[in-house]
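# Observations on the three-dimensional arrangement
Below, each chain spelled out in residue letters.
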Protein chains: 2
Amino acid sequence: MRLGVDAMGGDYAPEAAVLGAIEACNAVSGNTTIVLFGDERQIQEIIQRENRLLPNLEIVHTTEVIAMNDNPTSSFSAKSDSSIVVGFTHLKAGKIDGFASAGSTGAMMVGCMHVIKQVDGIIRPTIASTIPTVKGGKTLLLDVGINIDCKPEVLYQYGIIGSIYSREVLKNSNPRIGLLNIGEEQKKGNNQTKAAYELMSESSDFNFIGNVEAKHIFSGEVADVFVCDGFVGNTILKEAEGMYAAFKSLGVKGIDFLDALNYENEGGTPVLGVNNCVIIGHGCSTPKAIKNMILQTEKTLKAGLVEKIKETFCE
Amino acid sequence: MRLGVDAMGGDYAPEAAVLGAIEACNAVSGNTTIVLFGDERQIQEIIQRENRLLPNLEIVHTTEVIAMNDNPTSSFSAKSDSSIVVGFTHLKAGKIDGFASAGSTGAMMVGCMHVIKQVDGIIRPTIASTIPTVKGGKTLLLDVGINIDCKPEVLYQYGIIGSIYSREVLKNSNPRIGLLNIGEEQKKGNNQTKAAYELMSESSDFNFIGNVEAKHIFSGEVADVFVCDGFVGNTILKEAEGMYAAFKSLGVKGIDFLDALNYENEGGTPVLGVNNCVIIGHGCSTPKAIKNMILQTEKTLKAGLVEKIKETFCE
């Protein structure tokens with residue numbers, strides 16, 4: 001298995017990205033190779049400084065970088081030798097099995113939509129995030145920020161995609177799919193959730209359990225998957241991030257649940273509904289976060305997630 | 001000052017409501033009277049069992065109750081001798097200065113809109129909630145669940161109303177008003193926030209500081225007021241509620257910030273933009289929550305909040 005990693009992506013790149021990849025080299029399976037895309041001289045400097053033998057690390061030299069504030073679409077065209085563009089070209093050509101980056105989310109989505117493309121039948125690819133529960137498990141939240149003001153049909157497809165992810169990656173045999181809402185009654189919510197409820201309540205594609213509230217997201221007792229619009233999902237993630245920072249600033253320690261809220265342990269969010277395995281990391285990723293982003297790429301590939309989604313939608 | 005309280009409102013009424021009112025009798029100012037609306041026999045039974053002398057408690061006997069699952073509008077018409085309807089009638093007539101209930105939010109809003117009515121110039125009254133910060137302060141979040149899919153002009157008015165609340169009740173001399181969004185850049189967000197940003201960025205009615213993210217809500221460092229749609233605000237509140245429950249279930253203790261997240265300490269949310277002081281409590285209010293709801297009513301009245309909002313909008 002060959003995992004492509006953007007060495008130039010993220011606020012602390014290439015330093016954090018390369019250090020994270022070095023750590024990951026020892027943590028991945030024996031037959032897995034990590035392929036770094038970036039400036040070879042800079043990457044080699046960091047590797048030599050660390051003085052590590054890395055038989056399962058390869059470098060693909062690239063000369064350009066898409067910056068966080070570059071226009072995603074135009075820079076994707078203009079910077080054809082950037083780490084992200086070359087990474088996607090390798091992914092499309094089958095030279096790597098998955099590609100992960102903590103760089104420009106916009107450019108990563110351009111690569112998803114224009115190079116590897118969405119799976120036939122998928123209206124909108126989505127990004128999902130797992131949320132830790134107090135019992136040590138994980139619930140799944142989607143969408144977490146790519147699709148804003150999305151149509152009820154899109155939320156319906158999140159139900160299908162979330163169900164596959166929960167089953168294949170989180171190993172829930174019959175995942176409970178909830179529609180995130182501000183009350184449990186059928187008539188609650190905004191125009192979007194009311195229309196989505198109508199569609200989802202007639203679903204035979206997944207196990208719909210009705211409306212669920214954000215207060216249940218950390219318990220794991222009510223639903224396995226929380227479906228929502230990207231604006232709402234992103235807000236939920238950001239609030240959890242703020243809560244983590246709040247408790248850390250107060251010196252709270254030794255609580256596994258709190259530590260699990262640290263984005264570094266998650267590493268990244270998979271783009272679901274595209275033809276290959278793509279993982280997007282947090283912009284301010286540390287080496288630990290990059291390492292976990294790479295391990296998540298391997299885990300997602302091993303679960304055969306992309307194939308399962310394709311099978312379902314191309315039936 | 002005369003504070004009206006619905007003795008029949010809430011999941012544990014009349015027990016919790018009356019016990020909370022008894023506690024509040026000793027906590028309010030010397031010249032404040034608490035007026036309970038409800039079944040006099042049931043109320044007296046609880047008071048006599050507690051064996052307390054309550055010179056500042058009055059009872060207005062009512063024979064009906066609007067239940068949580070009653071249709072708010074039709075039950076408000078049909079149950080004219082219910083505690084909520086009689087409470088609003090007294091409020092309108094000036095026999096009480098404020099009215100608080102942990103009963104049907106829908107029926108309370110019917111009372112607000114049809115009996116005491118909204119302030120001239122206000123498009124939509126709103127409900128707000130304070131959010132504790134790690135430094136022991138409070139930020140203000142609005143709307144927290146009444147107005148869903150609201151127009152940009154409504155969000156703009158929340159900026160004005162939130163600014164007044166923050167200044168008069170939370171004592172911030174120049175409150176920083178942020179638009180809750182999923183990124184800080186101007187062009188971020190959904191159609192609603194993009195349009196609201198346009199309006200708010202030209203405001204001379206309040207101190208607009210731009211887009212703010214939910215991760216900043218507990219720090220108190222970025223904004224004093226977070227303006228958002230009721231769906232988003234309610235979701236933020238519910239997530240905080242879930243987070244509180246999560247940490248409590250893990251046995252975390254001795255953290256003031258965590259204790260402040262307990263809704264019981266807040267008591268209720270004021271309805272802002274109507275002609276009198278109305279406070280809505282949590283459906284599952286305990287006696288402690290009811291007591292704090294009553295104290296919040298007194299605090300809101302003392303701050304002259306309703307008058308300040310009227311002055312601003314009727315200018």
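Everything discussed here concerns the structure shown above.
Residues numbered from 1 in each chain as written. Chains lettered and ligands numbered in written order. Predicted model: local features only at pLDDT ≥ 70, side-chain atom pairs only at ≥ 80, totals over all residues. Heavy atoms only, no water.

### Description of the overall build of chain A
Scanning chain A from N- to C-terminus turns up 12 helices and 11 strands. The C-alpha atoms of chain A give a radius of gyration of 19 Å, which matches the 20 Å a tight globule of 315 residues would have. Along the longest, intermediate and shortest principal axes, the C-alpha atoms of chain A span 60 × 45 × 35 Å. Within the span of chain A, comprising 315 residues, buried residues form 59% of the whole. Taking the contacts inside chain A whose residues are at least 6 apart along the sequence as the reference set, 69% of them involve residues at least 24 apart. Total accessible area on chain A stands at roughly 12,400 Å², and carbon and sulfur atoms take up 47% of it. (Helix = DSSP H or I, 4+ residues; strand = E, 2+ residues; numbered from the N terminus. Rg over C-alpha atoms; globule rule 2.2 N^0.38 Å. Buried < 20%, exposed > 50% of the residue type's maximum accessible area, 1.4 Å probe, protein only. Contact = heavy atoms within 4.5 Å. Areas by Shrake-Rupley, 256 points an atom, 1.4 Å probe, with all protein chains shown as cover.)

### Considerations on the relation of the copies chain A and chain B
For the pair chain A and chain B, the best superposition has an RMSD of 0.0 Å and corresponds to a rotation of 180° with a translation of 0.0 Å parallel to the axis. Read as a symmetry element, the transformation amounts to a two-fold axis. (Least-squares fit on C-alpha atoms with pLDDT ≥ 70 in both.)

### Regarding the interface of chain A and chain B
Each partner contributes to the interface: chain A provides 34 residues, whereas chain B provides 34 residues. Between chain A and chain B lies a buried interface of about 3,300 Å² when both sides are counted; carbon and sulfur atoms form 75% of it. When the buried area of chain A at its contact with chain B is split by residue, Ile182(A), Phe231(A) and Glu239(A) rank highest and sum to 22% of it. In this structure, Lys238(A) engages Glu213(B) in a salt bridge whose closest nitrogen and oxygen atoms are separated by 2.5 Å. Joining chain A to chain B, the criterion identifies 10 residue pairs in polar contact (both at pLDDT 80 or more). Mapped by element, the contributors of at least two residues to the side of chain A that touches chain B are helix 7 (191-201), helix 8 (230-249) and helix 9 (256-260) of chain A. Looking at which element gives the most residues to the side of chain A that touches chain B, the answer is helix 8 of chain A, with 14 residues. Counted by class, the side of chain A that touches chain B contains 19 nonpolar, 9 polar and 6 charged residues. (Buried area = accessible area lost by both parts, 1.4 Å probe. Salt bridge = Lys/Arg side-chain N within 4 Å of Asp/Glu carboxyl O. Polar contact = N/O pair within 3.5 Å; in protein donor to acceptor, adjacent residues only side chain to side chain. Nonpolar A, V, L, I, M, F, W, Y, C, P; charged D, E, K, R; others polar.)

### Observations regarding the sheet that holds strand 5 (residues 126-132) of chain B
All names here are of chain B. Reading across the sheet, the 11 strands line up as 3-2-1-4-11-10-5-6-9-7-8 and stay open at both edges, with mixed pairing between neighbours. Only two strands of the sheet have a single partner each, and these edge strands are strand 3 (57-61) and strand 8 (207-212). With strand direction ignored, the average angle separating the axes of adjacent strands in the sheet is 25°. In this structure, strand 4 (residues 98-101) lies alongside strand 11 (residues 277-281), joined through 4 bridges in parallel fashion. Paired with Gly98 across the bridge in strand 11 is Cys277. Relative to strand 3, helix 2 (residues 40-50) is tilted by about 155°, and along the sheet it contacts strand 2 (33-38) and strand 3. (Pairing = 2+ DSSP bridges. Axes fitted to C-alpha atoms, helices over the stretch in contact; angles between N-to-C directions.)

### Describing the sheet that holds strand 3 (residues 57-61) of chain A
Residue and element names in this part refer to chain A. An order of 3-2-1-4-11-10-5-6-9-7-8 is seen for the 11 strands of this open sheet, with the pairing classed as mixed. In this open sheet, the two edge strands, each paired with only one partner strand, are strand 3 and strand 8 (207-212). Pairs of neighbouring strands in the sheet enclose a mean axial angle of 25°, with direction left out of account. The strands touched by helix 5 (residues 105-116) are strand 4 (98-101), strand 10 (268-272) and strand 11 (277-281); relative to strand 11, the strand with the most contacts, the crossing angle is about 170°.

### Considerations on empty space enclosed by the protein
If you walk through the whole model with that rule in mind, you get 2 cavities of 30 Å³ or more. Here the largest cavity is characterised by a volume of approximately 60 Å³. Taken together, 13 residues line the largest cavity, and the ones lying closest to its centre are Val271(A), Leu272(A), Asn276(A), Leu305(A) and Val306(A). Counting only elements with at least two residues in the lining of the largest cavity, the list comes to strand 10, strand 11 and helix 12 (305-313) of chain A. Looking at side-chain class alone, the lining of the largest cavity contains 10 nonpolar, 3 polar and no charged residues. The space that makes up the second largest cavity amounts to roughly 40 Å³. In terms of lining, the second largest cavity is formed by Pro270(B), Val271(B), Leu272(B), Gly273(B), Val274(B), Cys277(B), Val278(B), Thr300(B), Leu305(B), Val306(B) and Ile309(B). (1 Å grid on protein atoms, 1.4 Å probe; cavity = no way out; pocket = protein on both sides within 12 Å on 5 of 7 lines; lining within 4 Å. Points joined across faces, edges and corners; volume = space filled by probe spheres on them.)

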